[in-house]
Amino acid sequence: MDKTFQFKVWPVLLEACGELDRATSKFPTWPTDPLHAVGVVAEEMGELQREVLQLTYEPTKSTKESVRKEAIQLAAMSLRFLMSLDQYEYSPGPQHQQIMNPTGHIVFDDVEGAR
Ligand SMILES: [Mg+2]
């Protein structure tokens, strides 16, 4: 690993680990359902994307520091996701039918055994 890379990666990793520690202390539980877990990661991705969009098109509404903060939070939530890979239970959630009846109305109906 070259020195320039090391000088850039270690401070970022330390900052992400600090955020990981802060977030885990504040919210000690993490979803066992991987779709909920990836939803947390996606939420942070959305917040990062919003900051980047605002800094690009509405530069008075964001800063590079805000972009960095959201990127660190995304890294921390990605680490949390990775930390629980062996704990996830991959099972489908309940589902229901969306049937169009002859009058053109959609009728909702639970599907037995869809879980
Ligand atoms: Mg965030």
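For every chain, the first residue of the written sequence is number 1, and numbering continues from 1 along that sequence. Residues qualify for local features only when their pLDDT is at least 70, as the model is predicted, and side-chain atom pairs are given and counted only at 80 or more; totals for whole chains, interfaces and linings, by contrast, use all residues.

### Topic: helix α1 (residues 3–26)
- Numbered from the N terminus, helices here are DSSP runs of H or I no shorter than four residues, and strands are runs of E no shorter than two. Working rule for helices: expected span equals 1.5 Å times residues minus one. With 24 residues, α1 ought to run about 34 Å at 1.5 Å a step, and its terminal C-alpha atoms sit 35 Å apart, in line with that.
- Field definition: a residue is buried when 20 or more other C-beta atoms are found within 10 Å of its C-beta, exposed when 12 or fewer are, and partly exposed for counts in between, with C-beta atoms placed from the backbone. The element α1 is largely exposed, with a buried count of zero among its 24 residues.

### Things to note about the pairing of strand β1 (residues 96–100)
- Summarising burial for β1: zero of the five residues are buried, a small minority.
- Alignment of β1 against strand β2 (residues 106–110), held across five bridges, turns out to be antiparallel. The residue bridging Gln98 from the neighbouring strand is Phe108, located in β2.
- In sequence, β1 turns back onto β2 through a hairpin of five residues, with Gly104 there showing a positive phi of about 90 degrees. Two strands are counted as paired when DSSP detects at least two bridges linking them.

### What about the packing of α1 against helix α3 (residues 64–83)?
- Their axes nearest at 8 Å, the elements α1 and α3 cross at an angle of 65 degrees. Of the possible angle classes, the one that applies to α1 and α3 is roughly perpendicular. In the crossing of α1 with α3, the sense of the turn from one axis to the other is right-handed. Between α1, through Glu15, Ala16, Glu19, Leu20 and Ala23, and α3, the contact on the second element is made entirely by Ile72, Gln73, Ala75, Ala76, Leu79 and Arg80.
- Residue classes follow a fixed rule: Ala, Val, Leu, Ile, Met, Phe, Trp, Tyr, Cys and Pro count as nonpolar, while Asp, Glu, Lys and Arg count as charged, and any other residue, Gly among them, counts as polar. Residue classes in the contact of α1 with α3 are distributed as seven nonpolar, one polar and three charged. Angles here are taken between N-to-C directions and fall from 0 to 180 degrees, while the axes themselves are lines fitted to C-alpha atoms, restricted in helices to the stretch in contact. Note on angle classes: values under 35 degrees are labelled roughly parallel, values over 145 roughly antiparallel, values of 65 to 115 roughly perpendicular, and the remainder oblique. Definitions for this section: a left-handed crossing has its near helix turned counterclockwise from the far helix by less than a right angle. A right-handed crossing has that turn clockwise. The contact rule is simple: place each C-beta atom from the backbone, and if two of them lie within 7 Å, those residues are in contact.

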